[in-house]
Amino acid sequence: QQDEDKSQEYLDELEFLAYTAGGEVLKRFVQKMEKPDSKTFIGSGKMEEVREFVEANDVGTAIFDDELSPAQQKNIERILKCKVVDRTYLILDIFAQRAQTSYARTQVELAQYEYLLPRLTGLWTHLERQRGGIGMRGPGETEIETDRRIVRDRISLLKKKIKKIDKQMEVQRGNRGALVRVALVGYTNVGKSTLMNVISKSEVFAENKLFATLDTTVRKVVIGNLPFLLSDTVGFIRKLPTQLVESFKSTLDEVREADLLLHVVDISHSSFEDHIASVNQILDEIKSADKPTLMVFNKIDAYEPETIDEDDLITEKTKAHFTLKEWKQTWMQRENVDAIFISALNKENLEEFRKTVYDAVRDIHVTRFPYNN
Ligand code: GDP
């Protein structure tokens, strides 16, 4: 049952990704397997089920929640006779649609080419098999070789371009002086931009789609008499393609160089604990897991503890029934960090939030300038 819930949640998220990319999902298929089929990812019976559905409904694209190998992707396309994309492709597609600045566009383009390169190889092995692996000097091979060279050239050009911008950004960051730096981090769509807007009175783009924010926004915020810099950066997601983590390194530098992290969580989301774990994993990857952190549980207006069934034999309170106060105690103990519960949308509890941030920033400020205080 629990596995089933999990896979439905994963597919909910995939559907949300598809919707964000501009697609409409007609049907979901789930298969339980020990490990994915090396050739076609899913088993042949399930594949036939999918194929019939694709044919009957004139489906344009089949989306898989995991990363498919180039060969798997080719094989499945041949069976289903429709476009086959995986989770990584879908996320790259959304990033490409949403990249605003030339820096973000360059990063996404690089990630897309890196995704494409082994798939050109996949095309080649697929041709090889068709021809029985003999006499490979045909035009197909030359074409692919040329394509691969073009892609490789493009990749190294984009890398150079990014390196140059990275240097400029480093200088810019260096010029910001000694102000304390606070970074908003969190899963995508948890309300980081909304919170940024509320506390910095700015107009950062926020909407109910995944990855509204790709670029880093930095704002100077003053609470009390204390100025600090607040940055909002790309949202994290479960299984964020490695190409993207890699290419968004510099965007993530904002996180890496922050003095304090505000880890924003959407407590109204049924998988919020998974979200926290995913974010922590990425923070770990970019070596920022040990930074002073404040857990900010957002969307308390939408948080609904599941109603307890009176006849239920469960005497011990399940997690779903936790009150916000109990959550607070749990998190402060478990993560050994401060926790605060707010609604950025309804501006609930923002005073306590401001006060907590103020105290944390002040602590850092005092250690940095011990003689000025
Ligand atoms: P981001 O991707 O983390 O930057 O999230 P956004 O700030 O773009 O917000 C995602 C969605 O959540 C938007 O539709 C917001 O209006 C909504 N949202 C943000 N904060 C709250 C909140 O406190 N309560 C509720 N119910 N919705 C919120």
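Preceding this paragraph is the structure being described.
So, here is what we can say about the structure in this document. (Residues numbered from 1 in each chain as written. Predicted model: local features only at pLDDT ≥ 70, side-chain atom pairs only at ≥ 80, totals over all residues. Heavy atoms only, no water.)

## Side note on the overall build of the protein
Then step 1. Summing up its helical and strand segments, the protein has twelve helices and eight strands in all.
Then step 2. Within the span of the protein, comprising 373 residues, buried residues form 46% of the whole.
Then step 3. Restricting the contact set of the protein to residue pairs at least 6 apart, pairs at least 24 apart contribute 68%.
Then step 4. Only carbon and sulfur atoms are counted for the fraction: they give 49% of the accessible area of the protein, which is about 20,400 Å². (Helix = DSSP H or I, 4+ residues; strand = E, 2+ residues; numbered from the N terminus. Buried < 20%, exposed > 50% of the residue type's maximum accessible area, 1.4 Å probe, protein only. Contact = heavy atoms within 4.5 Å. Areas by Shrake-Rupley, 256 points an atom, 1.4 Å probe, with all protein chains shown as cover.)

## A few points about the sheet that holds strand β8 (residues 338–341)
Then step 1. Pairing is mixed in the open sheet, where six strands are placed in the order β4-β5-β3-β6-β7-β8. For this open sheet the edge positions go to β4 (217–223) and β8, each flanked by a neighbour on one side alone. Here the average twist between neighbouring strands, direction ignored, is 25°.
Then step 2. Bridge count between strand β3 (residues 181–186) and strand β5 (residues 226–232): four bridges; the pairing is parallel. Within the sheet, the bridge partner assigned to V182 lies in β5 and is L230.
Then step 3. Strands β3, β6 (260–266) and β7 (293–298) of the sheet are contacted by helix α10 (residues 272–285), whose axis makes an angle of about 150° with β6.
Then step 4. The sheet contacts of helix α12 (residues 350–368) involve β3, β4, β5, β6, β7 and β8, and relative to β5 the element is tilted by about 105°. (Pairing = 2+ DSSP bridges. Axes fitted to C-alpha atoms, helices over the stretch in contact; angles between N-to-C directions.)

## Observations concerning the environment of E52
Then step 1. Within the fold, E52 resides in helix α2 (residues 44–57).
Then step 2. Separated by 28 residues in the primary sequence, E52 and L80 place their C-alpha atoms 8.5 Å from one another.

## Side note on helix α11 (residues 324–334)
Then step 1. All buried positions along α11 are accounted for by W327, T330 and W331. Across the axial projection of α11, the buried residues extend over an arc of 90°, all falling on one side. Counted as exposed and oriented over 90 degrees from the buried face of α11: K325 and Q333.
Then step 2. Where α11 is buried, its residues touch α10, β7 and β8.
Then step 3. In the segment just after α11, N336 is the residue with positive phi, at about 55°. (Arc of directions from axis to C-beta.)

## What to know about unusual backbone geometry
Then step 1. Here F41, not a glycine, exhibits a phi torsion of approximately 65°, which is positive.
Then step 2. Tracing the backbone shows F41 in the loop between α1 (2–20) and α2.
Then step 3. Even without being a glycine, N349 presents a positive backbone phi close to 65°.
Then step 4. With respect to the element layout, N349 can be found in the loop between β8 and α12.

## Details of the pairing of strand β1 (residues 61–64)
Both faces of the sheet carry side chains from a regular strand, because those side chains alternate between them.
Then step 1. Burial along β1 is one-sided: the residues A62 and F64 are buried and none of T61 and I63 is.
Then step 2. Pairing geometry for β1 and strand β2 (residues 83–86), over four bridges, is parallel. Of the residues in β2, the one forming a bridge with I63 is V85.
Then step 3. Running through helix α3 (residues 70–80), the crossover from β1 to the neighbouring parallel element β2 is right-handed. (Right-handed = clockwise from strand over helix to strand, strands pointing away.)

## Looking at the nonpolar core
Then step 1. Counting 58 residues, the largest nonpolar core has L195, F228, L230, L262, V296 and F353 as the members making the most contacts within it.
Then step 2. Beyond its immediate chain neighbours, meaning those up to four positions away, F353 contacts L195, I199, L262, V296, I340 and I342.
Then step 3. Counting residues in each nonpolar core, the second largest holds 14 residues, with F272, M295, W327 and V337 among its members. (Core = buried A, V, L, I, M, F, W, Y, C linked by side-chain atoms within 4.5 Å.)

## A short note on the packing of aromatic side chains
Then step 1. Following the criterion strictly, the structure yields eight aromatic pairs and no others.
Then step 2. Judged by centre distance (5.9 Å) and plane angle (75°), the ring pair of F29 and F53 falls under edge-to-face. With F29 in the loop between α1 and α2 and F53 in helix α2, this residue pair connects regions lying 24 residues apart in the sequence.
Then step 3. On the basis of relative accessibility, which here comes to 24%, the residue F29 falls in the partly exposed class.
Then step 4. Geometrically, the ring pair formed by F297 and F341 is stacked, given 4.7 Å between the ring centres and 10° between the ring planes. Highlighted residues: F297 in strand β7 and F341 in strand β8, separated in sequence by 44 residues. Of the two residues examined, F297 and F341, each falls in the buried class.
Then step 5. Three or more aromatic residues joined by ring pairs form one cluster here, namely F272, F297, W327, W331 and F341.
Then step 6. Stacked on the ring of F29, the Lys or Arg K27 has its end atom at 5.4 Å from the ring centre.
Then step 7. The ring of Y115 is capped by R119, whose NZ or CZ atom sits 3.8 Å from the centre of that ring. (Phe/Tyr/Trp six-rings, centres within 6.5 Å; stacked < 30°, edge-to-face > 60°. Lys NZ or Arg CZ within 6 Å of the ring centre and 35° of its normal.)

## Looking at the packing of helix α7 (residues 192–200) against α12
When two helices pack together, their arrangement is captured by the angle between the axes and the distance separating the axes.
Then step 1. Between α7 and α12, the shortest axis-to-axis distance is 12 Å and the interhelical angle comes to 85°. Viewed along their axes, α7 and α12 adopt a mutual orientation that is roughly perpendicular. Contacts from L195, V198 and I199 of α7 reach α12 at L350, F353 and R354.
Then step 2. Its residues assigned to classes, the contact of α7 with α12 comprises five nonpolar, no polar and one charged. (Parallel < 35°, antiparallel > 145°, perpendicular 65-115°, else oblique. Nonpolar A, V, L, I, M, F, W, Y, C, P; charged D, E, K, R; others polar.)

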